[in-house]
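# Structural overview for review
Listed here are the chains, written in short residue letters.
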Amino acid sequence: MMILQETYTLSNDVRIPKLGLGTWFIDDDKAAGAVSEAVSIGYRNIDTAQAYGNERGVGQGVRACGVAREELFVSTKLAAEIKDFDAAVAAIDGSLATLGLDHIDLMLIHSPQPWSDFRGGDYAEGNRAAWRALENAYTAGKLRSIGVSNFEQHDLDNILGACTIAPQVNQLLVHAGNTPAELIAYCENNNILVEAYSPIAHGEILKNPDVQAMADRYDVSVPQLCIRYTLQLGTVSLPKTADPGHMRSNAQLDFEITGDDMDALRNLRARDYGDHSVFPVYSGK
């Protein structure tokens, strides 16, 4: 599981592990156990959010896991509804308090729009205000790096045109079947590292016979193939699970996808998320 020791370097020289643990859908009372299990397996990158409602448990797991705080990379996200400076300042301090940590390694604006209006109205001014709050917390040493999530190019341009500190990360829905190649390239050109959430397409890709056949050729599972794919795109991969067995298998990635197969996965279109299509990030609205 060598991948757990590999890192990328952000534009501000902070190192971030290439493979992380996503904690969406992990209940607060289960989060500490999941984090402790992940850390014992070798994970050092833990991703949560205010919206997940499990920051308390994640922080408890980070504090109790037995690994030095400086060896761990903890991310959280400013709630998507917060689009003004004062509320953002309060929410950043709120996350620090709820997590029980003296700093956060990465904090993101969760979405350019509130979830109730995802991909809807114009929140450019509100995003700039929230970004100023992140910049201030970064300068104060509360946050080691700052970024955004679900931001498209015009959303990034809005921040880049007004910021004093450019976003270091953009966390996006990226998986075999949904590869926003132009946006990924735009981020790369602006020294913004892309993190891939839902690299296993919230599980729906397990039903894809072509992807299963490709995984069989490599003698790996579909999740292993899909996680490896996002890593070979040059993104951080954030599969989410509370199952220690899945945590282990998700990190067993000692194989290389060929260029032809990478192209096939890059060109795959599979955006059916089943019952989970009710969530804005999967429906696009």
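Above: the structure in question.
All of the points below concern the structure found in this document. (Residues numbered from 1 in each chain as written. Predicted model: local features only at pLDDT ≥ 70, side-chain atom pairs only at ≥ 80, totals over all residues. Heavy atoms only, no water.)

Counting its regular elements, the protein chain contains eleven helices and ten strands. Computed over the C-alpha atoms, the radius of gyration of the protein chain is 18 Å, within 12% of the 19 Å expected from 2.2 N^0.38 for a compact globule of 285 residues. Along the first, second and third principal axes, the C-alpha atoms of the protein chain reach 55 × 40 × 35 Å. Counting over 285 residues, the protein chain shows a buried share of 57%. If you take every contact in the protein chain between residues at least 6 apart in sequence, the share linking residues at least 24 apart comes to 74%. Of the roughly 11800 Å² of accessible surface on the protein chain, a fraction of 47% belongs to carbon and sulfur atoms. Side chains of the protein chain carry 23 positive and 38 negative charges; the gap between the two charge centres is 2 Å. (Helix = DSSP H or I, 4+ residues; strand = E, 2+ residues; numbered from the N terminus. Rg over C-alpha atoms; globule rule 2.2 N^0.38 Å. Buried < 20%, exposed > 50% of the residue type's maximum accessible area, 1.4 Å probe, protein only. Contact = heavy atoms within 4.5 Å. Areas by Shrake-Rupley, 256 points an atom, 1.4 Å probe, with all protein chains shown as cover. Lys, Arg positive; Asp, Glu negative; His and termini not counted. Charge placed at Lys NZ, Arg CZ, Asp CG, Glu CD.)

Right, let's talk about the sheet that holds strand S4 (residues 45–47) for a bit. Strands sit in the order S3-S4-S5-S6-S7-S8-S9-S10 across an open sheet of eight strands; the sheet is parallel. Of all strands in the sheet, those with a lone pairing partner are strand S3 (21–22) and strand S10 (236–238), marking the two edges. (Pairing = 2+ DSSP bridges.)

Right, let's get into helix H4 (residues 124–139). Taking 1.5 Å of rise per residue, the 16 residues of H4 would be expected to cover 22 Å, and the 22 Å separating its terminal C-alpha atoms lies within 8% of that figure. Buried residues along H4 sit in contact with strand S5 (73–78), helix H3 (85–99), strand S6 (106–109), strand S7 (146–149) and helix H5 (153–160). Once H4 ends, the next one or two residues include glycine 141, with phi positive near 85°. (Expected span 1.5 Å × (residues − 1).)

With that out of the way, let us pick up the pairing of S5. With respect to burial, S5 is a largely interior element, six of its six residues being buried. Pairing of S4 with S5, which is carried by three bridges, proceeds in the parallel orientation. Looking at the pairing, aspartate 47 lines up with serine 75 of S5. Assessed by its sense of winding, the connection that carries the chain from S4 through helix H2 (residues 55–64) to S5 is right-handed. Viewed along the sheet, the connection from S5 through H3 into S6 turns out right-handed. (Right-handed = clockwise from strand over helix to strand, strands pointing away.)

Compared with an ideal rise of 1.5 Å per residue, which puts 15 residues at 21 Å, H3 spans 21 Å between its outermost C-alpha atoms and is within 8% of the ideal. Listing the buried residues of H3 in full gives Ala88, Ala91, Ile92, Ser95, Leu96 and Leu99. Looking straight down H3, one finds its buried side chains confined to an arc of 140°; they lie on one side. Opposite the buried face of H3, by more than 90 degrees, sit the exposed residues Asp86, Ala90 and Ala97. The inward-facing, buried residues of H3 contact H2, S5, S6 and H4. The opening residue of H3, the one whose side-chain oxygen lies 3.4 Å from the backbone nitrogen of aspartate 86, is aspartate 84. With its phi angle positive at about 75°, glycine 100 sits one or two positions after the end of H3. (Arc of directions from axis to C-beta. Polar contact = N/O pair within 3.5 Å; in protein donor to acceptor, adjacent residues only side chain to side chain.)

Let us now look at the pattern of salt bridges. Where charged atoms of side chains with opposite charge meet at close range, the side chains can pair. Counting across every chain of the model gives twelve salt bridges. Of the charged contacts, one joins glutamate 6 and lysine 18 as a salt bridge, the two residues approaching to 3.3 Å between their closest N and O atoms. Of this pair, glutamate 6 sits in the segment before strand S1 (7–9) while lysine 18 sits in the loop between strand S2 (15–17) and S3, and the two are twelve residues apart along the sequence. Ionic pairing is found between aspartate 105 and arginine 69, a salt bridge with its closest N-O pair at 2.8 Å. Remark: arginine 69 occurs in the loop between H2 and S5 and aspartate 105 occurs in the loop between H3 and S6; sequence separation between them is 36 residues. Across this residue pair, the class does not change: aspartate 105 and arginine 69 are buried. Several salt bridges converge on common partners, so that one network encompasses Arg69, Asp105 and Arg144. (Salt bridge = Lys/Arg side-chain N within 4 Å of Asp/Glu carboxyl O.)

So, on to the packing of helix H1 (residues 28–41) against H2. A pair of packed helices is captured by two measures, namely the crossing angle of their axes and the spacing between those axes. As a packed pair, H1 and H2 sit with axes 7 Å apart at the nearest point and diverge in direction by 30°. One element, H1, and the other, H2, form an angle in the roughly parallel class. The two elements H1 and H2 meet at a crossing, and its hand is right-handed. Residues Asp28, Asp29, Ala31, Ala32, Val35 and Ser36 of H1 touch H2, and the partners they reach there are Glu55, Arg56, Gly57, Val58, Gln60, Gly61 and Val62. Considered class by class, the residues forming the contact of H1 with H2 number five nonpolar, four polar and four charged. (Axes fitted to C-alpha atoms, helices over the stretch in contact; angles between N-to-C directions. Parallel < 35°, antiparallel > 145°, perpendicular 65-115°, else oblique. Left-handed = near helix turned anticlockwise from the far one by under 90°. Nonpolar A, V, L, I, M, F, W, Y, C, P; charged D, E, K, R; others polar.)

Shape descriptors only; they carry no functional weight alone.
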